[in-house]
Amino acid sequence: PRQACLEVLWCSAWAFGAIPGQFAAGAWACGFCLHLRGWKERAFLALVSLTVVALFFVFSGILDVLGLWSEDSVLGFAAFAAFVVATSALAFAVFQMLNSRR
């Protein structure tokens, strides 16, 4: 049962925190430079894409560490769950902020 809970937390962290967080960060960054044209626009989009890929590796590393820690410790399991809640709330807050600008 503990391994099943860890799998649910892992998938939830990606589905509700990491992936929406990456999209929110990309959308937030793209909102700054809508006036760019030509090579500047392509360079900026490449930079945003690299940032999203970097966030993927950061989230992946954090989730790997939390996953290993939670296999041996109840505190690690709680930290994993707190990370899922925190990243989900952060992604939600960023999307709300982006929608309020419209």
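Now for a description of the structure that goes with this document.

Rules and cut-offs
Residues numbered from 1 in each chain as written. Predicted model: local features only at pLDDT ≥ 70, side-chain atom pairs only at ≥ 80, totals over all residues. Heavy atoms only, no water. Helix = DSSP H or I, 4+ residues; strand = E, 2+ residues; numbered from the N terminus. Rg over C-alpha atoms; globule rule 2.2 N^0.38 Å. Areas by Shrake-Rupley, 256 points an atom, 1.4 Å probe, with all protein chains shown as cover. Lys, Arg positive; Asp, Glu negative; His and termini not counted. Charge placed at Lys NZ, Arg CZ, Asp CG, Glu CD. Expected span 1.5 Å × (residues − 1). Polar contact = N/O pair within 3.5 Å; in protein donor to acceptor, adjacent residues only side chain to side chain. Buried < 20%, exposed > 50% of the residue type's maximum accessible area, 1.4 Å probe, protein only. Core = buried A, V, L, I, M, F, W, Y, C linked by side-chain atoms within 4.5 Å. Contact = heavy atoms within 4.5 Å. Patch = residues over 30% accessible without salt bridge, like charges linked within 9 Å, V, L, I, M, F, W, Y side chains within 5 Å. Salt bridge = Lys/Arg side-chain N within 4 Å of Asp/Glu carboxyl O. Axes fitted to C-alpha atoms, helices over the stretch in contact; angles between N-to-C directions. Parallel < 35°, antiparallel > 145°, perpendicular 65-115°, else oblique. Left-handed = near helix turned anticlockwise from the far one by under 90°. Nonpolar A, V, L, I, M, F, W, Y, C, P; charged D, E, K, R; others polar.

### With respect to the overall build of the protein
Next up, step 1: When its secondary structure is counted, the protein shows 3 helices and 0 strands.
Next up, step 2: Relative to the 2.2 N^0.38 estimate, which gives 13 Å for 102 residues, the radius of gyration of the protein is 16 Å and therefore markedly larger than a compact globule would have.
Next up, step 3: Per element, the accessible surface of the protein, about 6,700 Å² overall, is 75% carbon and sulfur.
Next up, step 4: When the 6 basic and 5 acidic side-chain charges of the protein are each reduced to a single mean position, those positions are 25 Å apart.

### A short note on helix H3 (residues 74-100)
Next up, step 1: For H3, with 27 residues, the first-to-last C-alpha span of 39 Å sits near the 39 Å given by 1.5 Å per residue.
Next up, step 2: Sitting at the amino-terminal end of H3 is Ser73, which places a side-chain oxygen 3.0 Å from the backbone nitrogen of Leu75.

### A short note on helix H2 (residues 39-72)
Next up, step 1: Here H2 is 34 residues long and its end C-alpha atoms lie 51 Å apart, about the 50 Å a rise of 1.5 Å per residue gives.
Next up, step 2: Looking at H2, one finds that the buried residues are Phe44, Val48, Phe59, Ser60, Leu63, Leu66, Gly67 and Ser70.

### Focus on the environment of Gln3
Next up, step 1: Topologically, Gln3 is positioned in helix H1 (residues 2-30).
Next up, step 2: For the pair Gln3 and Gly67, spaced 64 residues apart in sequence, the C-alpha to C-alpha distance is 9.9 Å.

### Here we look at the side chain of Ser73
Next up, step 1: Within the fold, Ser73 resides in the loop between H2 and H3.
Next up, step 2: Of the polar contacts made by the side chain of Ser73, one reaches the backbone nitrogen of Leu75; its length is 3.0 Å.

### A look at the nonpolar core
Next up, step 1: Membership of the largest hydrophobic core is limited to 11 residues, which are Leu6, Leu9, Ala13, Trp14, Ala18, Phe59, Leu63, Leu66, Phe80, Phe83 and Val84.
Next up, step 2: Counting residues per element, the ones that place at least two in this core are H1, H2 and H3.
Next up, step 3: Not counting residues up to four positions away in its chain, the partners in contact with Ala13 are Ala18, Leu63, Phe80 and Val84.

### Focus on a nonpolar patch on the surface
Next up, step 1: Where nonpolar side chains cluster on the molecular surface, the patch consists of Ile19, Phe23 and Phe95 and spans about 290 Å² of accessible area.
Next up, step 2: Relative to the helices and strands, Ile19 is located in helix H1.

### Some words on the packing of H2 against H3
Next up, step 1: Running from amino to carboxyl end, H2 crosses H3 at an angle of 150°, the nearest separation of the two axes being 6 Å. For the element pair H2 / H3, the angle class is roughly antiparallel. For the element pair H2 and H3, the recorded crossing hand is left-handed. Each of Phe59, Ile62, Leu63, Leu66, Gly67, Trp69, Ser70 and Asp72 in H2 lies in contact with H3, whose residues at this interface are Val74, Leu75, Gly76, Phe77, Ala79, Phe80, Phe83 and Thr87.
Next up, step 2: A breakdown of the residues in the contact of H2 with H3 according to their chemical character gives 11 nonpolar, 4 polar and 1 charged.

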